[in-house]
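Structural overview
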Amino acid sequence: MINVAICDDEEGFLYLGERLIRSYMKNNGYQCCVDLYSSGTAFLGAQKESFSYDIIFLDINMSGIDGIETAKRIRRVDSKVFIVFLTAFASYSLEGYKVDAVRYLLKDSNTLEKSMEECLDTVLQKMDYAENKEIFNFLEGEISLALDEIIYIESNLHKLFFHLNKREMAYSMYEKLDVIEKKLQSFQFCRIHKSYLVNMKYVSDIGRYFAKLKHNDMGIDTISISQSRYAAVKEQFIFYQGDI
């Protein structure tokens, strides 16, 4: 799952940008989530403790907190996310270098679609992105699931419950968590408790015997870390933060 944010105070462009991005992702076989924000203030206010996007499109000329200032604040906590500036003018290159913007897109209706495609080609090549999927036999049916969608897996009453990003329901199956842990061992999942297997992508904080999991609907789940696993979980969290 590729997570994208568009931040622009022009409503028409917000929806145009969303349409172009979704069309590109669909045509190229990627799953994506696109969130829309009407100002830099709204975007920064929604993020709270951390940013959970792979690509952020920022309009430079927004009222209030403009795109440049929004990008500077993003870079204070996230050096890896890809920032793309949207502008009607091509005169901000120096500011873009300061925040390591990957591309500028001119708001030209005649060239925007092609420019968006070229931009996303470049970004995805830099990401070296591959959609990792597995087929699971849930009680709700056989489902091909992008592993990036899984926030955590919970074992309860002889069932496993898959808690997913951007989905209200949790899929369930009769299986042992040990089996699923082994199946996902080559991906960024961590067994933090006998009852919980978490996707490190969604871990925003590790405390003494608890983990905070933040996902894109702005929800935060707090789940237990067993005392015997705490040191190893904290170490894996630190390593993962250093890798991304």
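A brief look at the structure comes next. (Residues numbered from 1 in each chain as written. Predicted model: local features only at pLDDT ≥ 70, side-chain atom pairs only at ≥ 80, totals over all residues. Heavy atoms only, no water.)

**Comments concerning the nonpolar core**
Nonpolar side chains in soluble globular proteins tend to be buried together. Cut-off, in case you're wondering: In this text, buried Ala, Val, Leu, Ile, Met, Phe, Trp, Tyr and Cys residues form a nonpolar core when linked through side-chain atoms within 4.5 Å. Accessibility here uses a 1.4 Å probe with only protein chains present; expressed as a share of the type maximum, an area under 20% marks a residue as buried, one over 50% as exposed, and anything in between as partly exposed. Going along the chain from the N terminus, every DSSP run of H or I of four or more residues is numbered as a helix, and every run of E of two or more is numbered as a strand. Two residues form a contact once any of their heavy atoms are found within 4.5 Å.
Core analysis: the largest hydrophobic core is formed by 23 residues, its most contacted members being V4, I21, M25, I55, F57, L105 and L120. Broken down by secondary-structure element, the contributors of at least two residues to this core are strand 1 (2-7), helix 1 (11-27), strand 2 (32-37), strand 3 (55-59), strand 4 (82-87) and helix 5 (112-127). With near-sequence residues (within four places) excluded, F57 lies in contact with V4, A5, I6, C7, I21, V84, L86, L105, M116, C119 and L120. In terms of nonpolar packing, the next biggest core, distinct from the first, is built from 20 residues, F43, A46, I68 and A101 among them.

**Comments concerning the packing of aromatic side chains**
Rules: Working definition: rings of Phe, Tyr and Trp (its six-membered ring) pair if their centres are within 6.5 Å, and the pair is stacked with planes under 30 degrees apart, edge-to-face with planes over 60 apart, and tilted otherwise. Only lysine NZ and arginine CZ atoms are considered, and such an atom sits over a ring when it is within 6 Å of the ring centre and within 35 degrees of the ring normal.
Applying the stated criterion across every chain, the model contains 10 aromatic pairs. Between F43 and Y53, the ring centres sit 6.1 Å apart and the planes meet at 35°, which makes this aromatic pair tilted. Remark: Y53 occurs in the loop between helix 2 (40-47) and strand 3 and F43 occurs in helix 2; sequence separation between them is 10 residues. Taken together, the ring pairs in this structure connect F136, F138, F162 and Y171 into an aromatic cluster. Sitting over the face of the ring of F13, K107 holds its NZ or CZ atom 4.8 Å from the ring centroid.

**Thoughts on the pairing of strand 7 (residues 141-146)**
Note the cut-off: Criterion used throughout: strands pair if DSSP finds at least two bridges between them.
Strand direction decides the pairing type here: strand 6 (residues 133-138) and strand 7, joined by 6 bridges, are antiparallel. Looking at strand 7, one finds that F136 is bridged to I143. Between strand 6 and strand 7, which pair antiparallel and follow one another directly, the connecting turn spans 2 residues.

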